[in-house]
Amino acid sequence: GATPPSKRPPNFIVILTDDQGYQDLGCFGSPDIATPHIDRMAREGRKLTSFTVQPICSPSRAALLTGCYPQRVGIPTVLFPHDKTGLSPAVPTISSLLKAHGYDTYCIGKWHLGHLPGFLPTDHGFDGYFGVPYSNDMQPAVLMRDDKVIEEPYDNALLTKRYTEEAVAYIRRRRDRPFFLYLNHTMPH
């Protein structure tokens, strides 16, 4: 049976969006944009307000997932589809650490830490992956599930909807056990 919520470890949902302003969410004071579901998550969970990022995608993602300066983990600049490298699977990540403690782990959205085998989310402690391996403005435009391309090209206008639906379905499937969901919305990039 399922462990009662009061006796099990907390679930973690990390939402990362590209090019979003600090005050673009209601929980951070937006007077113009309604974000009631995210506001509720912030009220009922934890709202972290201080994280230094690089002004480019790959280093910021490497820092968030590893807790290290991006240069220390080999991601000093943005990765492109022609690059043959990525974040080393030998580097511990939030997902690999939580997985070792019994968490289900899932990555949805823009990965941007290496698109070749050995560098994908499933090589970094994630049980599954659904998303675009690099920026949505890069070619080839591929959508992946785990380590397989499932669409080429994909419809860029539907990414937010598809990522959200995938996240909601994952949360519903895993709600009775500890999970870590790393949700990387491509928009408003």
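For the structure, check the block above.
Residues numbered from 1 in each chain as written. Predicted model: local features only at pLDDT ≥ 70, side-chain atom pairs only at ≥ 80, totals over all residues. Heavy atoms only, no water.

S.K.: I tried to follow the overall build of the protein on my own but got confused; where do I start?
M.R.: Scanning the protein for helices and strands turns up 4 helices and 6 strands. Across the protein, helices and strands are ordered from the amino to the carboxyl terminus as β-α-α-α-β-β-β-β-α-β. Relative to the globule expectation of 16 Å for 189 residues, the C-alpha radius of gyration of the protein, 16 Å, shows essentially globular dimensions. Principal axes of the C-alpha set define a box for the protein whose edges measure 45 × 40 × 35 Å. Taking all contacts inside the protein whose residues are at least 6 apart in sequence as the whole, residues at least 24 apart take part in 54%. Here the protein has roughly 10500 Å² of accessible surface; of this, 56% comes from carbon and sulfur atoms. Positive and negative charge centroids in the protein, built from 20 and 19 side chains respectively, lie 8 Å apart. (Helix = DSSP H or I, 4+ residues; strand = E, 2+ residues; numbered from the N terminus. Rg over C-alpha atoms; globule rule 2.2 N^0.38 Å. Contact = heavy atoms within 4.5 Å. Areas by Shrake-Rupley, 256 points an atom, 1.4 Å probe, with all protein chains shown as cover. Lys, Arg positive; Asp, Glu negative; His and termini not counted. Charge placed at Lys NZ, Arg CZ, Asp CG, Glu CD.)

S.K.: Even after reading the chapter, I still don't get the sheet that holds strand 4 (residues 143-145), so can you show me in this structure?
M.R.: Within a beta sheet, neighbouring strands are joined by backbone hydrogen bonds and run either parallel or antiparallel to one another. Taking strand neighbours across the sheet as the criterion, the 6 strands line up as 1-6-2-3-4-5 in an open arrangement whose pairing is mixed. Whereas interior strands pair on both sides, the edge strands pair on one side only; in this sheet they are strand 1 (12-17) and strand 5 (148-151). Across this sheet, the average inter-strand angle for adjacent strands is 20 degrees, counted without regard to direction. By the bridge criterion, 6 bridges tie strand 2 (residues 104-109) to strand 6 (residues 179-185) in an arrangement that is parallel. Residue Ile108 lies in a different strand from strand 6, and its bridge partner there is Leu183. Against the sheet, helix 4 (residues 159-174) makes contact with strand 1, strand 2, strand 3 (128-131), strand 4, strand 5 and strand 6, and its axis sits at roughly 175 degrees relative to strand 6, the strand it touches most. (Pairing = 2+ DSSP bridges. Axes fitted to C-alpha atoms, helices over the stretch in contact; angles between N-to-C directions.)

S.K.: Teacher, can you tell me more about the nonpolar core here?
M.R.: Nonpolar side chains in soluble globular proteins tend to be buried together. With 18 residues, the main nonpolar core has Trp111, Leu113, Phe126 and Tyr182 as its most contacted residues. Elements supplying a minimum of two residues to this core: helix 2 (57-66) and strand 6. Ignoring sequence-local partners within four residues, the contact set of Leu113 consists of Ser58, Arg61, Ala62, Leu65, Ile75, Leu79, Gly86, Leu87, Phe119 and Pro133. Core analysis: the second largest hydrophobic core is formed by 14 residues, Leu143, Tyr154, Tyr163 and Ala167 among them. (Core = buried A, V, L, I, M, F, W, Y, C linked by side-chain atoms within 4.5 Å. Buried < 20%, exposed > 50% of the residue type's maximum accessible area, 1.4 Å probe, protein only.)

S.K.: Even after reading the chapter, I still don't get the pairing of strand 3, so can you show me in this structure?
M.R.: Note on strand geometry: in a regular strand, side chains alternate between the two faces of the sheet. Alternating positions in strand 3 separate into two faces, Gly128 and Phe130 on one and Tyr129 and Gly131 on the other, with burial throughout. Examined bridge by bridge, strand 2 and strand 3 share 3 bridges and lie parallel to one another. Counted as the bridge partner of Cys107 is Tyr129 from strand 3. One ladder, built from 2 bridges, connects strand 3 with strand 4; its direction is antiparallel. Counted as the bridge partner of Phe130 is Arg145 from strand 4.

S.K.: I tried to follow the packing of aromatic side chains on my own but got confused; where do I start?
M.R.: The geometry of an aromatic ring pair is captured by two quantities: the separation of the ring centres and the angle between the planes. Evaluation of the coordinates by the stated rule reveals 8 aromatic pairs. Aromatic side chains Phe126 and Phe180 sit 5.9 Å apart centroid to centroid with 25 degrees between the ring planes, which places their arrangement in the stacked category. Highlighted residues: Phe126 in the loop between strand 2 and strand 3 and Phe180 in strand 6, separated in sequence by 54 residues. Phe180 matches Phe126 in its accessibility class, with the two residues each being buried. Centre to centre, the rings of Tyr170 and Phe179 are 5.5 Å apart; their planes meet at 85 degrees, and the pair counts as edge-to-face. Classification of Tyr170 as buried rests on a relative accessible area of 1%. Every member of this aromatic cluster is reached through a ring pair, and the members are Trp111, Phe126, Phe180 and Tyr182. (Phe/Tyr/Trp six-rings, centres within 6.5 Å; stacked < 30°, edge-to-face > 60°.)

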